[in-house]
Structures are given as structure tokens and as C-alpha cells.
Amino acid sequence: MKKLLILLMGLLMMSAVMAKDYSQYHNPEALVSPEKAKEIMENNKNVVVLDVRKTTEFLIGHIPGAVDIWRTDISADDSEYPFGGMRASAEKMKNVLGNYGVDSDTHILIYDAKADYDAARLWWILDMYGHKKISLIDGGIDGWEEAGLPLEMGFAKKKDKKVYSFNKKPDYSKLAQLKDVKKAIKSKDIIVIDTRAEDEHLGTTTKKGAFRPGRIPSKTFIPWESAVNDKGDKTFRSIEELKNIYVKQGVTSDSTIIAYCQSGVRSAHTTFVLTQLLGYKKVKNYDGSWIEWSYNKDLPADKG
């Protein structure tokens, strides 16, 4: 019996050592463990959990009490641009959030099934327009399941609609536009990071929505998923691992950075990592990304 107790104590101590320390990150409130998310849901009456997946995925298993939201809900309407993938306006987001029962004091927890890159896109939009209380659930639904927490099935329970207004004025400091990227590729002082997959970077494939293959002329290629543990729960890597990944590529805390991908989704994930986890100050996400750049035929593109 004594040996069993010693063994159990050892296992508990090992578990405590292995537990992830979220205080290591620059903004520990921006990323919460599944267990912490559950605690917030149980103790905060004004919390809304947003599941950024298609309804078909949501129906077969989601975090209890979550509501599903998808890219079309947080993207500009088709009539606004001659190409897809751009962020929704602040006015549209006000209506969307109000319909989901969110007010300016709501703590919004966000997750998805892709290591939080769709969740990070929504975080980026909400942060830009001025919502204060936003957290990603580390690992998304994979992290939740890995933690042994329950799921529920079926449609989301309807929330009471509210009239939403943002807490503060928009902050566009994390937004890069086409003119910014044109300037960046001519400057030695701005790093443009391609966060896409290698075949997109090399120009051997063209994803739906883009108008030609290739990349914005730049030498820095760091796929978004480099920041994620590639096995199991898809959680974010430790602060030391993240520093090593970016610093090795010359992306340091004093760098001026523009991240891009296909449509500003994966690069929003990189923007989250650099600003919220590592504390970098001069980081922008190129909203139009490769779709907008490739639409403009007069702009240069590299391959290979």
C-alpha cells in the first residue's frame, strides 16, 4: 500500500511538472488551456464560446454550450471586393456578435479543429475592431478532447440577441494593406513572411481563390504550423521553441514584420504567435494576402 501511494504521488508530481505554464507567454490571457476554458465557462455568466468550423463538423461534436460560426460570417460580402477572403467590416461584425449574444463585456473563447488558425483569424478581427476579452483555447477541439473533457452533439442552443458595440476605437496597427506590402518588398528593414505550405511558396500549386501561382518577392518562409506541436493535441509550442523558430530565420523582437498566406487566415495565426505569445510589437497581418496580390497582374511574383 505504501509503495502504491509513493507511486501515485510520483505520478502526480510528474504531471505537475509536465503541466504547461501559460505565464511564460507575453499575454497569458490570450491563450488558455482547455481546463482553464472550462473553469471560465463555469464561473463567468457572461461568456460565449465560438466554434469556428462548418456546421456539419459542429453537429458531430463540439464543446458544450458553444455556438458555431464560419468564415462567411466574419468575411466581407462578395459585392465588396473583386476577390474573396477579406475581413468583414466593423458594422457587420457588430451585427454578427449581437446575434451570438455577445456584448462589449463578454469574454469570448474561440477554438477550431485546425490548431486554432481559423480561431486566430477571428481573434485578429475582434482585436482590431476593439473587443477586449478574447482567448483562444489551446489546441482547439483536439486539445479539449486530449484533456479528457466532454463533447456534445447537435445544433447550438440559441443565444438571446444583444445590441453590440465595440469597447474602443479600431486599432489598425496589426493590419497590412496592399500599399504596405508594395513598400515592404523594396525595404531592407521590413520582413515579409510567407506562412503558407511549401508547394504554395514554391509556386507548384495554386489554391482555389488565387489568380496565379507564386509568392510575394521575399526570402522568409516560415509555415504557420511551425508554431504548433505537430503530434497529439495541436497546442502551441513553448516560448523557447517559438523563439528558436523565428530567431533562426532572422525574425527578432525588434523586427518590423508583415505576415501573409492565401487569405490572411494562417498569417493571422502567425500574427497571434508573434504578438500575443512572443510579445513582438511591430507585426502586421496582410488581409488580402496572396489572393489580392495575385489578382493584381502587374505585381511581381517569385517561384521556385
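Worth saying up front: this structure is predicted, and the values here are computed from it rather than measured.

Peer 1: Outline the packing of helix α4 (residues 90-99) against helix α5 (residues 117-129), supporting the account with residue identities and numerical values.
Peer 2: Their axes nearest at 11 Å, the elements α4 and α5 cross at an angle of 110°. Looking at the two axes, α4 sits roughly perpendicular to α5. On α5, the residues touching Ala90, Met93 and Leu97 of α4 are Leu122, Ile125, Leu126 and Tyr129. Of the residues in the contact of α4 with α5, the class split is seven nonpolar, no polar and no charged.

Peer 1: Which residues make up the sheet that holds strand β2 (residues 47-52), and what are the values?
Peer 2: Across the sheet, five strands lie side by side as β1-β5-β4-β2-β3; this open sheet has parallel pairing. Of all the strands in the sheet, the pair left with one neighbour each is β1 (31-32) and β3 (67-69). Examined bridge by bridge, β1 and strand β5 (residues 134-137) share two bridges and lie parallel to one another. Bridge pairing links valine 32 to isoleucine 137 in β5.

Peer 1: Kindly report on the sheet that holds strand β8 (residues 220-221), identifying the contributing residues and their values.
Peer 2: Strand order in the open sheet formed by five strands is β6-β10-β9-β7-β8, with parallel pairing between adjacent strands. If you trace the sheet from one side to the other, it starts and ends with β6 (175-176) and β8, each paired once. In the sheet, strand β9 (residues 256-260) pairs with strand β10 (residues 283-286) via three bridges, with the strands oriented parallel. Bridge assignment links alanine 259 to a residue of β10, and that residue is asparagine 285. Along the sheet, helix α10 (residues 266-277) contacts β7 (190-194), β9 and β10; its crossing angle with β10, the most-contacted strand, is approximately 170°.

Each value, and the rule that gives it
Within every chain, residues take consecutive numbers counted from 1 along the sequence as written. pLDDT decides what is reported in this predicted model: residues at 70 or higher carry local features, side-chain atom pairs at 80 or more are listed and counted, and totals for whole chains, interfaces and linings draw on all residues regardless. To get the side-chain values, all heavy atoms of the structure are used, and hydrogens and water are removed first. Every axis corresponds to a line fitted to the C-alpha atoms, with the helix fit spanning only the stretch in contact, and the corresponding angles, defined between N-to-C directions, vary from 0 to 180 degrees. By definition, any uninterrupted DSSP run of H or I lasting at least four residues is a helix, any uninterrupted run of E lasting at least two residues is a strand, and each is numbered from the N terminus. Between 65 and 115 degrees an angle is taken as roughly perpendicular, under 35 as roughly parallel, over 145 as roughly antiparallel, and anywhere else as oblique. Contacts between residues were defined by any pair of non-hydrogen atoms, one from each residue, lying within 4.5 Å. Put simply, Ala, Val, Leu, Ile, Met, Phe, Trp, Tyr, Cys and Pro go in the nonpolar bin, Asp, Glu, Lys and Arg in the charged bin, and everything else, Gly too, in the polar bin. Pairing between strands requires that DSSP locate at least two bridges from one strand to the other.

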